[in-house]
Every structure is written in structure tokens, then in C-alpha cells.
Amino acid sequence: MKVGGQHFRTIWLNPANEQVVQLIDQRFLPHRFVIEEVSTVAQMAIAIREMHVRGAGLIGASAGYGMYLAAIEAAGSPAVAGFDQHLANAAAQLKATRPTAVNLAWAVERQLTNIAKGKSEPDWHKTVQRKVALALATAKEIAAEDEEHCRMIGQHGLSFIEQIARKRDGKPVNVLTHCNAGWLAFVDYGSALAPVYAAHDRGLPVHVWVDETRPRNQGSKLTAWELGQHGVPHTIIADSSGGHLMQRGDVDLVIVGSDRTTRAGDVANKIGTYLKALAAQDNEIPFYVALPSSSFDWTIRDGSEIPIEERGAEEVKRADGWRDGQMLEVSVAPEGSPAANFGFDVTPRRLVTGLITERGVCKADEKSILELFPEHVS
Ligand code: MRU
């Protein structure tokens, strides 16, 4: 995607020094565009936990690069046991950062499997070089795959917007989305917003209702910013407005992302998604979930098994913003009141019209999902 006319991914290797990862530090958007340099696995763990990077696909890609940095660090070990121990510690450290997006553990495991393929030789130096090269190749592969899968999601989801546009007589197609499942949540393109970008680039009139997404405001801060950068018409709404807009006939379809979807089609996504799905069903509005295959958890069926992140109460009791070039935080609740901060909820498959994946669209049920991904039939 383009920022000020220049193409950016959300994460990449420093072209002058491939031992350093560069990423867009999303804490400062939409007010400042800050690029952070990360050169240790500990720094990458902080970047994921403190949400400098966030969104399922980008968390996975960051974990992939984090394991590459861990391999570089481990290369200083004098023997294989030390190398393996450092990687195991790094894997545990990264996995502990955030619990819900399954892409995190998926990327870490993929790295461990691939790095282990670099067999030990009598010359330890050569072995280590091979393992680091494998980690680098895997990190690049995870990122490139994420980008390509999101591009494909855009192509598959485009047809739904096209179908509605044909009936709208030139009036914009109104898409409602929750949180940020755009290119900032992935390496590029996004999941839920990829069909929107594809439609806009085709010249179809499309307008997006952007849920602000309290408490961290990924909608009003990130989704609105990236849609604006791409020139897509959009309107920010308070989280509780969606049902009203649907009743008025002002929403044609809902597209959201997913942090983890079970093999049977239950969908974990940002807190508040379930309420949108209920309102969409009551108003007979299609409710689509867009996700790359890296966001499926093939080991579980029931959404109640998905770990739901709980974050600090201060995110609910405070709000931040910019004034005179400075980030300011203000209190928006009584100091003495407790607050609960659930990061995600689960939308049961019966409320999902369809899943848009890189391989095509399917119903949210185990049979249909496995028809698209037969390698996971067990
Ligand atoms: O807490 P976040 O910002 O990492 O949450 C991720 C999200 O933005 C949403 O849940 C999104 O819709 C799915 S991730 C592509």
C-alpha cells in the first residue's frame, strides 16, 4: 500500500543491514509515521506485546522475523545444545506475548521446524550459518505468503461488492467493518479491507463505515488512516451505531477479519464483532469473515476453546490523542471504578454468511472449510 505516494509493507528487512528488521510503529498513527528498528528477539517481543505491531497476519510475520533474530543471537553459542536452547527460549518468549491470534504460534512453529532441517555437521560454524540462512528464508517466506494470500482474498471478495454495485445504480456500496483488518494488520493488502481496495481500484463506488473500536481505537486511528491514504471514502462511527445504520438500510454488507477461526468455522475477532453479527442477521445483511489460512486453528472445533486476551483496565479508563505535536493521555472514568478489558469475542458459525480465504469463499462449517483445505482432513 502507498503512504504519501510511496509503497510500504508493514514490516521488512533494513536493505543496508539484513540483521535489522524495520516496522511501522502503529502506536503513533494516524498522527505520526514512525519506523522502528528491531534487532533482538527481546525487542520484537516488546513490539508485539505493546502493540507497535498488531493484527493477526502482522503478528505472525513479526514472530517469523523475531525467530530469525533469535537464530542470529543463538549463532554465538559454542555448541548445538546452546543454540537449540536459545531458540526454545525465544519461541516461548514470543508465544507468550499475545494469546488470541493463532498466527503467532503458527509462525514460531514453522520457524522451529525449518531451522531444525539445518542438520549439524562437524564444522559448527557451517551448521550455524545454514540454520540462520534457513531462518531468514522462512521469515521472508511467511511475509511474502501473507501478502499474496491477502491479495487473493481481495480478488475473491471483490465479487460480492461487484454484485451489489450492479444493483445500486452508481450509488456507493456501503461496507461496515470492525477494528482494523486492513494492510496495517498484515504485511500488505489486508483481509477484510482487501476486497474494498480491489473494488475501489476497479472504479466501483464503495464507502466504508468504520467502527471506532474502543478501547484502543484501531478503527478510528488505523482503518480510517489507511482508507484515507488510499482515497477510499469512509465514515468513522461509534461502536454502537452499526445496528441503527443496518435498520436504516445504510449497510449492504459487513466484512470483518479474524484472529483465530476454528476448523468448524467459529470466529474470534476484536471485541464487539459478535454484536455486529447479531445485528446483521436480524437485518438480513450478509456478514463475511476474511482470513488467510494462517488464521485457522485446525486443532479445535468449538469457539469456546479459543483463548481470549484480557488487557489492562487502563486501556478502558483512559483515552489518548494528540495536541500540539504531543501524545496526551486523559482519564475518561472515575479513578476508583474497576474496568474489564476483553480483547476479543467469538462469533458462532451460524451467524457467518461465508469465509473469504486465499483459496476462495466457503461456508463457515467444517465440511466446506475442509473442501478448500483438504490437507487438514484428519
Ligand atoms: O488487538 P489487535 O489490534 O491485534 O486485533 C486485531 C484486529 O485488528 C482485529 O481483531 C482484526 O479484525 C483481525 S486481525 C486481522
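Values in this document were obtained by computation on a predicted structure and should not be read as measured data.

I'm lost on the site of the ligand in this one. Help?
Taken together, 17 residues are adjacent to the ligand, and Arg54, Asn180, Asp259, Asn269 and Lys270 come closest. At 2.9 Å, a backbone N or O of Gly55 approaches an oxygen atom of the ligand. Asp259 has a polar side-chain atom sitting 2.6 Å from an oxygen atom of the ligand. Relative to its free-state accessible area of 400 Å², the ligand is covered by the protein chains to the extent of 100%. For the shell around the ligand, the per-class residue count stands at seven nonpolar, six polar and four charged.

Please explain the sheet that holds strand β4 (residues 21-24) as it appears in this structure.
Hydrogen bonds between backbone groups are what pair the strands of a sheet, and the pairing can be parallel or antiparallel. An order of β3-β4-β5 is seen for the three strands of this open sheet, with the pairing classed as antiparallel. One side of each edge strand has no neighbouring strand; the edge strands of this open sheet are β3 (11-13) and β5 (35-38). Neighbour to neighbour, the strand axes of the sheet diverge by 25° on average, direction disregarded. Across four bridges, the pairing between β4 and β5 is antiparallel. Along β5, the bridge assignment pairs Gln22 with Glu37. Sitting on the sheet, helix α2 (residues 56-74) is in contact with β3, β4 and β5, with an inclination near 25° to β3.

When you look at the environment of Pro195 in this model, what are you seeing that I'm missing?
Considering the arrangement of structural elements, one finds Pro195 in helix α6 (residues 194-201). It is 9.1 Å that separates the C-alpha atoms of Pro195 and Ala290, two residues lying 95 residues apart in sequence. In this structure, Pro195 is in contact with Ile153, Gly154, Gly157, Leu158, Ile161 and Ile255, ignoring residues within four places of it in sequence.

Before we go on, may I ask you to explain the packing of aromatic side chains in this structure?
In this description, a pair of aromatic rings is defined by centroid distance and the angle of the planes. In total, this model carries nine aromatic pairs according to the counting rule given. Ring geometry for Phe8 and Phe33: centres 4.9 Å apart, planes at 70°, overall edge-to-face. Residue Phe8 is found in the loop between β2 (6-7) and β3, and its partner Phe33 is found in the loop between β4 and β5; the two are separated by 25 residues along the sequence. Owing to a relative accessible area of 11%, Phe8 belongs among the buried residues under this scheme. In this structure Phe33 comes out as partly exposed when scored by relative accessible area, which is 30%. One aromatic cluster is present, built from ring pairs that chain together Phe8, Trp12, Phe33, Trp183 and Trp225.

How should I be thinking about the layout of surface pockets in this particular structure?
Which parts of space are left empty comes out when a probe the size of a water molecule is rolled across the atoms. If you add up the space inside the largest pocket, you get close to 510 Å³. Residue lining of the largest pocket: 21 residues in total, with Arg27, Arg216, Lys221, Glu315 and Asp320 positioned closest to the centre. Those elements giving two or more residues to the lining of the largest pocket turn out to be α7 (218-230), α10 (314-317), β14 (318-323) and β15 (326-331). Its residues assigned to classes, the lining of the largest pocket shows six nonpolar, three polar and 12 charged. Size it by volume and the second largest pocket reaches roughly 160 Å³. Lining the second largest pocket we find Met1, Lys2, Arg151, Gly154, Gln155, Asp188, Tyr189, Ala194, Tyr197, Ala198, Asp201 and His230. Sorting the residues of the lining of the second largest pocket by element identifies α5 (124-167) and α6 as the ones contributing at least two each. Among the elements that line the lining of the second largest pocket, the one with the most residues is α6, at four residues. The residue makeup of the lining of the second largest pocket, split by class, is five nonpolar, three polar and four charged.

Conventions used here
- Residues numbered from 1 in each chain as written.
- Predicted model: local features only at pLDDT ≥ 70, side-chain atom pairs only at ≥ 80, totals over all residues.
- Heavy atoms only, no water.
- Near = heavy atom within 4 Å.
- Polar contact = N/O pair within 3.5 Å; in protein donor to acceptor, adjacent residues only side chain to side chain.
- Areas by Shrake-Rupley, 256 points an atom, 1.4 Å probe, with all protein chains shown as cover.
- Nonpolar A, V, L, I, M, F, W, Y, C, P; charged D, E, K, R; others polar.
- Pairing = 2+ DSSP bridges.
- Helix = DSSP H or I, 4+ residues; strand = E, 2+ residues; numbered from the N terminus.
- Axes fitted to C-alpha atoms, helices over the stretch in contact; angles between N-to-C directions.
- Contact = heavy atoms within 4.5 Å.
- Phe/Tyr/Trp six-rings, centres within 6.5 Å; stacked < 30°, edge-to-face > 60°.
- Buried < 20%, exposed > 50% of the residue type's maximum accessible area, 1.4 Å probe, protein only.
- 1 Å grid on protein atoms, 1.4 Å probe; cavity = no way out; pocket = protein on both sides within 12 Å on 5 of 7 lines; lining within 4 Å.
- Points joined across faces, edges and corners; volume = space filled by probe spheres on them.

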